[in-house]
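For reference, the chains in residue letters:
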Amino acid sequence: MAPVPNQNDSSQKVLDVVSAVYLARAELAPVMYEGMLANGVAAGGQLTTTTEVENYPGFPDSVGGSELMDKMRAQSVRFGTDIRTETIAKVDLSSRPFKLWPQFAEEEPPILAKTVVLATGASAKRMHLPGEETYWQNGISACAVCDGALPIFRDKPLAVVGGGDSACEEATYLAKYASRVYVLVRRDELRASGIMQKRLLNHPKCTVLFNTIATEAKGDGELLNAIRTKSTKDGEEKDLQVNGLFYAIGHIPATSIVKGQLDLDEDGYVKTKPGTSQTSVHGVFAAGDVQDKVYRQAVTSAGTGCIAGLEAERLLAAEEAE
């Protein structure tokens, strides 16, 4: 693969650690911009805010989220990935080579790239309740599948905030482990589909609290043990004794940088061609939560990162052979 002639000589820019591993092993010298507190989280994304990961293959005794990302980072470096702790602030995907500008360097000459793997992720919507920062990942989470089976939640009363399909799914999933699951719904009805409502309302371990919102997270300074609730009808406030609070109020994909340049769905996620990581722009691939609003798991993100890396490699190889 011939590099793009440029004063910032570089043949491609890769924004995903798994893609970087594949491209580096293919000796394509990928460059990865890991971001600098992009989306309000450290390089490595949402996993860096997770204390224990129990469902990633190869770690039977679980692994810390930050530790897992550090291992992935080191693996990509081992094969020659050039990692830069910078955030890409602006891109021009109108023609190849694509143009990229790091944050604070928007007036400088652009970095040129033959291919781009976009893996900017998504961030869970949070309520920012009083006490939330104290108990985030110590009783408060935004992923039941990721955290619901942890020891601090097993056989304990838990609460879910939300009224859509995601909230119903989270609640019924948590019911496998919890002693009781309360679902806090702001309105007097659920927004979820009929089948999801039926499953939730008929579940023996789930209780829906309509016209109820959470107003404060409480605990002993280390772990959550209650949430303050308020009625949206009469304003009555009381404490609900729960050891876990799960947000199911949606995610925000980090796609503002490509808005108007790539096809996005109604929720702002990057559209990819079925069975591929190819976006609406030839040579731009998307992996992970930036294009996945259904599963949002570390292992599925790694899988799509693999796909994006392989597809980028094949594209460059085919073009070089022409």
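Shown above is the structure to which this text applies.
Quick summary incoming for the structure in this document. Along each chain, numbering runs from 1 in the same order as the chain's sequence is written. Per-residue local features are limited, in this predicted model, to residues with pLDDT of at least 70; the limit for side-chain atom pairs, both in listing and counting, is 80 or more; totals at the level of whole chains, interfaces and linings are taken over all residues. Side-chain metrics rest on all non-hydrogen atoms present in the structure, leaving aside hydrogens and water.

### A word on the overall build of the protein chain
1) Next: Counting from the N terminus, the helices are DSSP H or I runs at least four residues long and the strands are E runs at least two residues long. Along the backbone of the protein chain there are seven helices and 18 strands.
2) Next: The quantity called the radius of gyration is restricted to C-alpha atoms. Its globule counterpart is 2.2 Å times the number of residues to the power 0.38. Taking 20 Å as the expected radius of gyration for a compact globule of 322 residues, we find that the protein chain reaches 22 Å, a close match to that expectation.
3) Next: Projected onto its principal axes, the C-alpha positions of the protein chain cover 65 × 40 × 35 Å.
4) Next: We call a residue buried when its accessible area falls under 20% of the maximum for its residue type, exposed when it is over 50%, and partly exposed in between, using a 1.4 Å probe and counting protein chains only. A buried classification covers 47% of the 322 residues belonging to the protein chain.

### Quick look at unusual backbone geometry
1) Next: Residue Pro97 is bonded to the preceding Arg96 through a cis peptide linkage, with omega at -5 degrees.
2) Next: Tracing the sequence through the fold places Pro97 in the loop between strand S4 (88–92) and strand S5 (98–102).
3) Next: With a phi angle near 75 degrees, Ser62 is a residue other than glycine that sits in the positive phi range.
4) Next: Relative to the helices and strands, Ser62 resides in the loop between strand S2 (31–33) and helix H2 (65–78).
5) Next: The phi angle at Asn211 is positive, at roughly 55 degrees, despite the residue not being glycine.
6) Next: When you line up the elements, Asn211 lands in the loop between strand S12 (206–209) and strand S13 (212–219).
7) Next: Under the relative-accessibility criterion, Asn211 is labelled buried at 16%.

### Some details on the nonpolar core
1) Next: In this text, buried Ala, Val, Leu, Ile, Met, Phe, Trp, Tyr and Cys residues form a nonpolar core when linked through side-chain atoms within 4.5 Å. Core analysis: the biggest nonpolar cluster contains 25 residues, and Val160, Ala171, Leu174, Val181, Val183, Leu200 and Phe246 have the highest contact counts within it.
2) Next: Elements represented by at least two residues in this core include exactly strand S10 (157–161), helix H5 (165–174), strand S11 (180–184), helix H6 (194–201) and S12.
3) Next: No other element matches H5, which puts five residues into this core.
4) Next: Beyond its immediate stretch of four places on either side in the chain, Val181 contacts Leu158, Val160, Ala171, Leu174, Ala175, Lys205, Cys206 and Thr207.
5) Next: Ranked by size, the runner-up nonpolar core spans 19 residues in total, among them Ile88, Phe98, Val258 and Ala286. Every residue pair with non-hydrogen atoms within 4.5 Å of one another is taken to be in contact.

### Concerning the environment of Thr255
1) Next: Looking at where Thr255 falls in the secondary structure, it is placed in the loop between strand S17 (251–253) and strand S18 (284–286).
2) Next: What makes Thr255 buried here is its relative accessible area of 6%.
3) Next: Thr255 sits 42 residues away from Gln297 along the chain, and the two C-alpha atoms are 18 Å apart.
4) Next: Beyond its immediate chain neighbours, meaning those up to four positions away, Thr255 contacts Leu264, Gly268, Val270 and Val290.

### Overview of the pattern of salt bridges
1) Next: A pairing counts as a salt bridge when a side-chain nitrogen of Lys or Arg comes within 4 Å of a carboxyl oxygen of Asp or Glu. Scanning the model with the defined rule gives twelve salt bridges in all.
2) Next: Between Arg126 and Glu132 there is a salt bridge, with its nearest N and O atoms 2.7 Å apart.
3) Next: Look at Arg126 and you get partly exposed, because its relative accessible area is 25%.
4) Next: Looking at Glu132, the relative accessible area reads 0%, which means it is buried.
5) Next: For the salt bridge of Arg126 with Glu133, the shortest nitrogen-to-oxygen distance reads 2.9 Å.

### Considerations on the sheet that holds S4
1) Next: Here three strands make up an open sheet; going across it, the order is S4-S5-S6 and the pairing antiparallel. Two strands lie at the open edges of the sheet, namely S4 and strand S6 (111–113), each paired on one side alone. Here the strands of the sheet are splayed against their neighbours by 30 degrees on average, with no regard to which way each runs.
2) Next: Judged from the three bridges that link them, S5 and S6 form a sheet pairing that is antiparallel. Counterpart to Leu100 in the pairing with S6 is Ile111. When DSSP locates at least two bridges between a pair of strands, those strands are taken to pair. Axis definition: a line fitted to C-alpha atoms, limited for helices to the stretch in contact. Angles are taken between N-to-C directions and run from 0 to 180 degrees.

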